[in-house]
Amino acid sequence: MASVQRTMLGVASRSTQRLAMGTAFRNGVMPIQRRFASTTAPAPRRSRLRLFGRVIGVGLLGGAGYTAYGLYVSRHPPMQKPFDPTKKTIAVLGSGWASTSFLKSIDTSEYNVVVISPRNYFLFTPLLPSCTVGTVDVRSIVEPVRFISRHKEREVKVYEAECKSIDPVNKTLTFVDTSEIKSDEAEKTIPYDYLVLGCGSQNQTFGIKGVEEHACFLKEVWDAQKIRTRLMDCVETAAFVGQSDAKNEQEIDRLLHMVVVGGGPTGVEYAAELYDFLKDDLTEWYPDIAGKIKITLVEALPNVLPAFSKQLIDYTESTFKEQNIEILTKTMVKEVKDKEIIVQQPDGSMKSIPYGLLVWATGNTSRPLIRDLMAKMPESQTMKRGLLVDDHLRLLGAEDVYALGDATATKYAPTAQVAAQQGKYLARVFNQQANRWKLEREYDALTAGSEKDRLARKINKLRDVRPFHYSHQGSLAYIGSEKAIADLPFLHGNISAGGVATYVFWRSAYLSNLFSIRNRALVAMDWIKKNVFGRDISRE
């Protein structure tokens, strides 16, 4: 009975509350608690969203302003100090990774700088395979040297010429104008106080007969242009009307067989770009012959990409198998002919492989200028593959000569990453020396006292030059079908990754490593253009 009474009292109580609420609403009065809850609860969330939107807007506006300022500065170089005959002169040979990194980082306030190179631009070589099939335009990955030199504090002289001889005893350079339109003074000799050798290397052919005459290399802009022309020549000739008999079918198979020699990153990335070109473009525009195109990768070692982990090597090989790219490992090229190559197979037997296009990407060897310099110092320069240097990149056997990048024979791999770090390091060494000279002049102008003692300690500290230390930032390679692989250092080990997500990382890493905002914008637009319109299949 008591329970029933409590229940009835509860019902009556709730009824009384509802009656009171209804009376309040009829009288135009709303309980404070309900009004507050219904009108103010969402406010904090809206405030946070507005704040977040404002932060994003300010960030975008600031980024756009910073980019616009950077573009303005790049297009409007400042006035420069003139060449000063009282300053030391640094001669820089080459415009590759090492030399360009040095030029960007060097403080020219205490130096005169002279750059001598057969080409007047820096080339972002990692994206060169993309240029062979039109994924990226070659103009998007070059940066003129004067875009860099005109922004230095002091005037930098740039000569588009080829150095023919170096006299390390008298400290002179002799170079010649190799362009089609030559000046009256075709040959010139200049003195130097310091020499930076960053002239790189040339393609390694191992003395194999016919390579120079018939193969295409992939090291310079004109190499990519030559490959593109020859590739489209093979495709158009194979599509020529009237080729239907057995003999012509055999010739079509030869023309459409693309052979890549070299299983390093360059060879693998070119094969991958060629497959993408076939899948995305040639299949649409050449449906009759696209299915006959064959890609073969020839490598003398037991596997491709020896610098990568075993996991990524297996992943690359399985991906190439899915793409019908044939990999011939432990296979050595013995001779190159006009329409075929002779290879030695793993069992020792010889085989003839017909080809339409042959791309040679097997490594580097020293240039004639470097070999000539080595011959002048036979006692100290005993390594055939490049110049020997000490831990501070000073050339053994010569005073005030430094060597960087692929021109040297060091314990480091001949990669762009090594060369770029060496260029930055050497620039810091010269900048440190320039700071020491400034302090020494201040020291000489002071009389004895605590300030002079302080300067003496600073000068002694600047005399201590640390040796070069290479910091490996990882290895990347594109393997086709919008997949890439990456070996990245992490703590005391490596992280190996491959796939579409790694491909996104590969693109972002290459964009960030391009030398200027201009290059980044052009390459990004090329990628967008390729996705929207496809690659250009014209011959030129």
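Note that the coordinates shown come from a computational prediction; the quantities given were computed from them, not determined experimentally.

### Here we look at the overall build of the chain
Thought 1: Within the chain, the secondary structure is distributed over 16 helices and 23 strands.
Thought 2: The C-alpha atoms of the chain give 33 Å as radius of gyration, which overshoots the globular expectation for 540 residues (24 Å, by more than 25%).
Thought 3: Its C-alpha atoms give the chain principal-axis dimensions of roughly 115 × 95 × 45 Å.
Thought 4: The proportion of buried residues among the 540 residues of the chain is 43%.
Thought 5: In the chain, the share of contacts with a sequence separation of at least 24, taken over all contacts with a separation of at least 6, comes to 65%.
Thought 6: For the chain, the accessible surface area stands at approximately 29,500 Å², while carbon and sulfur atoms represent 56% of it.

### Here's the deal with the side chain of Ser 366
Thought 1: Structurally, Ser 366 can be placed in the loop between β19 (364-365) and α12 (368-375).
Thought 2: In contact with Ser 366, not counting residues within four places along its chain, are Gln 202, Arg 371, Lys 384 and Arg 385.

### A word on the domain arrangement of the chain
Thought 1: Split by domain assignment, the chain resolves into domain 1 (77-203 + 366-463) and domain 2 (216-362 + 473-533).
Thought 2: A separation of 34 Å is found between the C-alpha centroids of domain 1 and domain 2.
Thought 3: At the junction of the two partners, domain 1 supplies 38 residues and domain 2 supplies 32 residues.
Thought 4: Taking both partners together, domain 1 and domain 2 bury about 2,900 Å²; carbon and sulfur atoms supply 61% of that area.
Thought 5: Ranking the residues of domain 1 by area buried against domain 2 places Thr 132, Val 133 and Asn 203 at the top, with a combined share of 21%.
Thought 6: A salt bridge links Glu 220 to Arg 119; its shortest N-O distance comes to 2.4 Å.
Thought 7: Counting across the interface, domain 1 meets domain 2 through 14 residue pairs in polar contact (both at pLDDT 80 or more).
Thought 8: Of the residues that constitute the side of domain 1 that touches domain 2, the class distribution is 18 nonpolar, 13 polar and 7 charged.

Rules behind the numbers
Residues numbered from 1 in each chain as written. Predicted model: local features only at pLDDT ≥ 70, side-chain atom pairs only at ≥ 80, totals over all residues. Heavy atoms only, no water. Helix = DSSP H or I, 4+ residues; strand = E, 2+ residues; numbered from the N terminus. Rg over C-alpha atoms; globule rule 2.2 N^0.38 Å. Buried < 20%, exposed > 50% of the residue type's maximum accessible area, 1.4 Å probe, protein only. Contact = heavy atoms within 4.5 Å. Areas by Shrake-Rupley, 256 points an atom, 1.4 Å probe, with all protein chains shown as cover. Domains from an automatic or database assignment. Buried area = accessible area lost by both parts, 1.4 Å probe. Salt bridge = Lys/Arg side-chain N within 4 Å of Asp/Glu carboxyl O. Polar contact = N/O pair within 3.5 Å; in protein donor to acceptor, adjacent residues only side chain to side chain. Nonpolar A, V, L, I, M, F, W, Y, C, P; charged D, E, K, R; others polar.

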